[in-house]
Amino acid sequence: MNNVINAFPGGVVSPDQVAAVNDLDACLLMAITSAKDVGVPQGFIVALLHGHAAQETQIMIDRA
């Protein structure tokens, strides 16, 4: 049993949340690697990720 608590500015992160973020990271890495392997330009990959980040930021702002 681990008694270490991961604390971040947003609060305490549960082990389930850490696992979900790790899974998300692994899936993103796999998708990016796959896209690069078939020749998708890196700039397009970055633009796509930036667009999703901007959309999620706007959703958070709208909820505030």
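Small disclaimer: the values here were computed from a predicted structure and weren't measured.

Student: Provide a residue-level description of a nonpolar patch on the surface, including the pertinent values.
Tutor: The grouping of Leu24, Leu28 and Leu49 at the surface amounts to a nonpolar patch, some 250 Å² of accessible area in total. Classification of Leu49 by relative accessible area gives partly exposed; the value is 37%.

Student: Outline the confidence of the model for the protein chain, supporting the account with residue identities and numerical values.
Tutor: When pLDDT is averaged along the protein chain, the result is 89, and 89% of the positions lie at 70 or above. Mean pLDDT across the elements of the protein chain bottoms out in strand β1 (residues 6-8) (66) and peaks in helix α2 (residues 42-63) (95).

Student: If you had to explain helix α1 (residues 15-37) to someone new, which residues and values would you point to?
Tutor: Helix length check: α1 (23 residues) gives 33 Å between terminal C-alpha atoms against 33 Å at 1.5 Å per residue, within 8%. Trailing α1 by a residue or two, Gly39 shows a phi angle of about 95°, which is positive.

Student: Report on the environment of Thr33, specifying residues and quantitative values.
Tutor: By the secondary structure assignment, Thr33 is in helix α1. Given a relative accessible area of 37%, Thr33 falls into the partly exposed group. Of the polar contacts made by the side chain of Thr33, one reaches the backbone oxygen of Leu29; its length is 2.8 Å.

Each value, and the rule that gives it
- Residues numbered from 1 in each chain as written.
- Predicted model: local features only at pLDDT ≥ 70, side-chain atom pairs only at ≥ 80, totals over all residues.
- Heavy atoms only, no water.
- Patch = residues over 30% accessible without salt bridge, like charges linked within 9 Å, V, L, I, M, F, W, Y side chains within 5 Å.
- Areas by Shrake-Rupley, 256 points an atom, 1.4 Å probe, with all protein chains shown as cover.
- Salt bridge = Lys/Arg side-chain N within 4 Å of Asp/Glu carboxyl O.
- Buried < 20%, exposed > 50% of the residue type's maximum accessible area, 1.4 Å probe, protein only.
- pLDDT = per-residue confidence, 0-100.
- Helix = DSSP H or I, 4+ residues; strand = E, 2+ residues; numbered from the N terminus.
- Expected span 1.5 Å × (residues − 1).
- Polar contact = N/O pair within 3.5 Å; in protein donor to acceptor, adjacent residues only side chain to side chain.

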